[in-house]
Amino acid sequence: MDKKKKTTQQFTIIKDDSTDGHGGYGIGSISLENMSSIIVDPNENKAYVDMDAMHARSEIERRVKYFNDRSEVPDGLLYWIVWVTVERGEDGPYYAGVTASELRVDKPNKRAYKSLPEHVIHMEKSLKHKVIVDHMDEKSRRLLCDFLKDFDENMWEFSSDELKTALEF
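An account of the accompanying structure is given in this report. Keep in mind the model is a prediction, meaning the values are calculated, not measured.

Concerning the pattern of salt bridges
Phase 1 of the analysis: Within the structure shown, the criterion is met by 10 salt bridges.
Phase 2 of the analysis: Across the pair Glu 124 and Lys 128 runs a salt bridge, and its minimum N-O distance is 3.1 Å.
Phase 3 of the analysis: Relative accessible area serves as the criterion here: at 38%, Glu 124 is assigned to the partly exposed category.
Phase 4 of the analysis: Lys 149 is paired through a salt bridge with Glu 168; the nearest N and O atoms lie 3.0 Å apart. Of this pair, Lys 149 sits in helix α2 (residues 138-151) while Glu 168 sits in the segment after α4 (161-167); the two residues are 19 residues apart in sequence, bridging distant segments of the chain.
Phase 5 of the analysis: Beyond isolated ion pairs, a larger network of salt bridges with shared partners links Asp 52, Glu 59, Arg 62 and Arg 63.

Here's what the structure looks like:
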């Protein structure tokens, strides 16, 4: 019997605050509980939530050897891991921080490129409600824009003008 894996997509909307005054373990630590990761795949014209990317375990990141130099992966396909931080405002939840990190993957040759420091910096910037998508190609920005709008139109509407301007054409 072949069962298909049911796919559910959701964003983490409300975070737990580890600094709520209890003074215990975790004070001052960064919480990733209100961050989600989206894979933008311009090769297949799609974008989707993949929480495994938070720990470098998304399907596209598995079973490849990573190189720090893009030229080591000349046949790599372009992907983007987009770090999306969601906050709750007066009107409801909204996309607060959106940053994109490049990934090049050559599955047949089991090789990939990514800059780990860039990924970490972009995750941090997303948590700080920054928008960093200007380095993405136009097709990928359109896919991301359409995904965010389609995922939750209200969250898109409550988001900053900066985000809308960065993604809309």
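Side note on the packing of aromatic side chains
Phase 1 of the analysis: Tallying each qualifying case throughout the model produces one aromatic pair.
Phase 2 of the analysis: Ring centres 5.8 Å apart and planes at 35 degrees place the aromatic pair Phe 147 and Phe 151 in the tilted group. Taken together, the positions of Phe 147 and Phe 151, both in helix α2 and four residues apart, correspond to about one turn of that helix.
Phase 3 of the analysis: Judged by relative accessible area, which is 10%, Phe 147 ranks as buried.
Phase 4 of the analysis: Stacked on the ring of Tyr 66, the Lys or Arg Lys 114 has its end atom at 5.0 Å from the ring centre.

Some words on α2
Phase 1 of the analysis: Over its 14 residues, α2 runs 20 Å from end to end, which matches the ideal 20 Å to within 8%, given 1.5 Å per residue.
Phase 2 of the analysis: Within the span of α2, buried status applies to Ser 140, Arg 141, Leu 143, Leu 144, Cys 145, Phe 147 and Leu 148.

Quick look at the pairing of strand β1 (residues 35-41)
Consecutive side chains along a regular strand alternate between the two faces of the sheet.
Phase 1 of the analysis: Most of β1 sits out of view: seven of its seven residues are buried.
Phase 2 of the analysis: Neither face of β1 is open: one carries Met 35, Ser 37, Ile 39 and Asp 41, the other Ser 36, Ile 38 and Val 40, and all of them are buried.
Phase 3 of the analysis: As paired elements, β1 and strand β4 (residues 77-88) share six bridges and run antiparallel to each other. Its bridge partner lying in β4, Met 35 is registered against Thr 85.
Phase 4 of the analysis: One ladder, built from four bridges, connects β1 with strand β2 (residues 46-49); its direction is antiparallel. Looking at the pairing, Ile 38 lines up with Val 49 of β2.
Phase 5 of the analysis: The loop that links β1 with its antiparallel partner β2 comprises four residues; one of these, Asn 45, has a positive phi angle of about 55 degrees.

The rules we used
- Residues numbered from 1 in each chain as written.
- Predicted model: local features only at pLDDT ≥ 70, side-chain atom pairs only at ≥ 80, totals over all residues.
- Heavy atoms only, no water.
- Salt bridge = Lys/Arg side-chain N within 4 Å of Asp/Glu carboxyl O.
- Buried < 20%, exposed > 50% of the residue type's maximum accessible area, 1.4 Å probe, protein only.
- Helix = DSSP H or I, 4+ residues; strand = E, 2+ residues; numbered from the N terminus.
- Phe/Tyr/Trp six-rings, centres within 6.5 Å; stacked < 30°, edge-to-face > 60°.
- Lys NZ or Arg CZ within 6 Å of the ring centre and 35° of its normal.
- Expected span 1.5 Å × (residues − 1).
- Pairing = 2+ DSSP bridges.

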